[in-house]
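Residue strings, one per chain:
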Amino acid sequence: MTMSDDEGSGNNFTFPARNSLAWTIVTGFETYYLPILVFVGSLGNCLSVFVVTASTKMRRSSSNYYLAALAISDTGFLLALLLAWFGIVNVPLVTRPGICQLFIYLTNVCSFLSAWFVVAFTVERFVAVRYPLHRQWICTYNRAKYLIGSVTVAGLVLCSPVLLFTEVRVHEAISVCSITPGWERLATILNFVDTILTFVLPFSVIVVLNTLIVRGVYEVDRARMLLEARLSTRESPLALQQSRITKMLLIVSSVFFCLNLPSYVMRLYAYVHPDENTVTDMEVLIQRCCLLLFDTNFGISFGLYCASGQNFRSAAVELLSCYKNPGGTTADQSRQASTNQVNTFGSKQKVTTGRCCWKKTPPQPSPHEVHNANPSIPVK
């Protein structure tokens, strides 16, 4: 892993200003759009983590753990992006010793994690669609947590070399966060490895699996429609939920691919044309536009989840309703009457339905269930 133009977007702000309209527009976007993206994106990512971890409905699917991990890594990248943005307003934090190394390391780690978290839940959705009978024992919470931890450790270790050959240098009277002299060859090799690990390999997996998932979803939907037409039955709630999760994650991975692809294409183009002296103004402008798309990918998670995931929207609305009504019930649930129940020891207890799902309350029986007073019978 090493510093690259894709992750080190702050380096592109050192180019002298051109007088073209396109250059002025792109510069304006970098000046005003990036801080809005950082603020709104970080807030949205925090809300995404809250909804996934606090909602019982969302915790039922192990795929949502990957979404929470993805939101956290995206927030880390946005914070690093904020450091680069300060260079636009003449506060060169990135060119300070220590912050320079932290900026490059954080952007590399977060880019690596985001790519492989998307790969992780894409693989899980592929298993759920193509091998539904194996989903319950392959797509588990513990396995998701283990994979998230393993990917995180791998990213932290593989990206650590950038801490050794990154330093603040003065180039043409301008301080830049660049490669330490003498490490250029190793940095080039590691940059190539970084391209393989964060672009070629994960994006190849995403494209192949998404193609197979789309085909599998089409086949399942077609078979389900034929079965419903013959038997006049409705789709089960569990199957409907899995279908919604699959379609949402398919959209998330596709958007991730589309927003990242232009930036990595420009990186590959830089390998083909390594001479920096022959870079034209148009190539620099295109690169800056691609970086804006690349940066946008890290700040749209919450909006993307809300737009593509009905389960996520309903969980977010439910949590918001609980927050507005701290008494513990939503507007619809508060109209439900409390029901007297018999506990396992034979005494009556009052159970109020509609309790907020993030409250750590002991599990209660449903209103229509009456359990036997015999304590030897377990209460589910």
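Residues numbered from 1 in each chain as written. Predicted model: local features only at pLDDT ≥ 70, side-chain atom pairs only at ≥ 80, totals over all residues. Heavy atoms only, no water.

1. Describing the overall build of the protein chain
Right, so step 1: On a plain count of helices and strands, the protein chain comes out with 11 helices and four strands.
Right, so step 2: Considering only contacts within the protein chain whose residues lie at least 6 apart along the sequence, 78% involve residues at least 24 apart.
Right, so step 3: Put simply, the protein chain shows about 20,500 Å² of open surface, and 65% of that area lies on carbon and sulfur atoms. (Helix = DSSP H or I, 4+ residues; strand = E, 2+ residues; numbered from the N terminus. Contact = heavy atoms within 4.5 Å. Areas by Shrake-Rupley, 256 points an atom, 1.4 Å probe, with all protein chains shown as cover.)

2. So, empty space enclosed by the protein
Right, so step 1: This structure, assessed with the given rule, holds five cavities of 30 Å³ or more.
Right, so step 2: One number sums up the size of the largest cavity: a volume of about 80 Å³.
Right, so step 3: Secondary structure elements with two or more residues in the lining of the largest cavity: helix 3 (63-85), helix 8 (237-272) and helix 10 (301-308).
Right, so step 4: Per-class residue counts for the lining of the largest cavity are seven nonpolar, two polar and one charged.
Right, so step 5: Of the volumes computed, that of the second largest cavity is approximately 70 Å³.
Right, so step 6: Forming the boundary of the second largest cavity are 11 residues, of which Met58, Asn64, Ile245, Asn311 and Phe312 lie nearest the centre. (1 Å grid on protein atoms, 1.4 Å probe; cavity = no way out; pocket = protein on both sides within 12 Å on 5 of 7 lines; lining within 4 Å. Points joined across faces, edges and corners; volume = space filled by probe spheres on them. Nonpolar A, V, L, I, M, F, W, Y, C, P; charged D, E, K, R; others polar.)

3. A look at the side chain of Asn297
Right, so step 1: Along the chain, Asn297 turns up in the loop between helix 9 (281-296) and helix 10.
Right, so step 2: In this structure Asn297 touches Asp74, Phe256, Leu259 and Asn260, once residues within four positions along its chain are discounted.

4. Here's the deal with the pairing of strand 1 (residues 166-171)
Right, so step 1: Across six bridges, the pairing between strand 1 and strand 2 (residues 174-179) is antiparallel. Looking at strand 2, one finds that His171 is bridged to Ile174.
Right, so step 2: Counted between consecutive antiparallel strands, the loop separating strand 1 from strand 2 contains two residues, among which Glu172 sits at a positive phi close to 55°. (Pairing = 2+ DSSP bridges.)

5. Examining the confidence of the model for the protein chain
A low pLDDT means the predicted coordinates there should not be read in detail.
Right, so step 1: Per-residue confidence for the protein chain gives a mean pLDDT of 76, with 73% of residues at or over 70.
Right, so step 2: Scored below 50 in pLDDT, residues 328-355 shows 50 contacts in the model against residues more than four places distant or in partner chains. (pLDDT = per-residue confidence, 0-100.)

6. Structural notes on the UniProt feature "transmembrane region" (unreviewed entry) in the protein chain
Right, so step 1: When the UniProt feature table is mapped onto this chain, "transmembrane region" (unreviewed entry) is found at residues 32-53, 65-90, 102-123, 144-165, 196-218, 248-265 and 285-307.
Right, so step 2: In this annotation, residues 102-123 is assigned 100% helix and 0% strand; the end-to-end C-alpha distance for the span is 31 Å.
Right, so step 3: Between the first and last C-alpha atoms of residues 248-265 the distance is 26 Å; the span itself is 100% helix and 0% strand. (UniProt positions renumbered as here; feature names shortened; annotations may be inferred.)

7. A short note on helix 4 (residues 99-130)
Right, so step 1: In this model, helix 4 (32 residues) spans 46 Å end to end at C-alpha, consistent with the 46 Å of a helix rising 1.5 Å per residue.
Right, so step 2: Of all 32 residues in helix 4, 27 are buried; the element is thus mostly enclosed. (Expected span 1.5 Å × (residues − 1). Buried < 20%, exposed > 50% of the residue type's maximum accessible area, 1.4 Å probe, protein only.)

8. Remarks on a nonpolar patch on the surface
Right, so step 1: A contiguous nonpolar surface patch, about 800 Å² in accessible area, is contributed by Leu164, Trp183, Leu186, Ile189, Phe192, Val193, Leu268, Tyr271 and Val272.
Right, so step 2: Listing elements by their share of the nonpolar patch, those giving two or more residues are helix 7 (184-231) and helix 8.
Right, so step 3: It is helix 7 that contributes the most residues to the nonpolar patch, four residues altogether.
Right, so step 4: If you trace the backbone, Val193 turns up in helix 7.
Right, so step 5: A residue is classified by how much of its surface remains accessible, and Val193, at 32% relative accessible area, is partly exposed. (Patch = residues over 30% accessible without salt bridge, like charges linked within 9 Å, V, L, I, M, F, W, Y side chains within 5 Å. Salt bridge = Lys/Arg side-chain N within 4 Å of Asp/Glu carboxyl O.)

9. Brief notes about the nonpolar core
Right, so step 1: Counting residues in each nonpolar core, the largest one holds 67 residues, and the members touching the most others are Val51, Leu70, Phe117, Phe121, Val252 and Phe312.
Right, so step 2: With 15 residues, helix 4 is the single largest residue contributor to this core.
Right, so step 3: Look past the residues within four positions of Val252 in its chain and what remains in contact with it is Leu70, Phe121, Leu304 and Tyr305. (Core = buried A, V, L, I, M, F, W, Y, C linked by side-chain atoms within 4.5 Å.)

10. A closer look at the pattern of salt bridges
Oppositely charged side chains can pair when the atoms bearing their charge come close.
Right, so step 1: Taken as a whole and judged by the stated rule, the model has two salt bridges.
Right, so step 2: As a salt-bridge pair, Arg288 and Glu30 come within 2.5 Å of each other at their nearest N and O atoms. One end of the pair, Arg288, is in helix 9; the other, Glu30, is in helix 1 (residues 21-54), with 258 residues separating them in the sequence.
Right, so step 3: The exposure class assigned to Arg288 is buried, which follows from its relative accessible area of 5%.
Right, so step 4: With a relative accessible area of 5%, Glu30 lands in the buried category.
Right, so step 5: Between Arg267 and Asp194 there is a salt bridge, and its shortest N-O distance comes to 2.7 Å.

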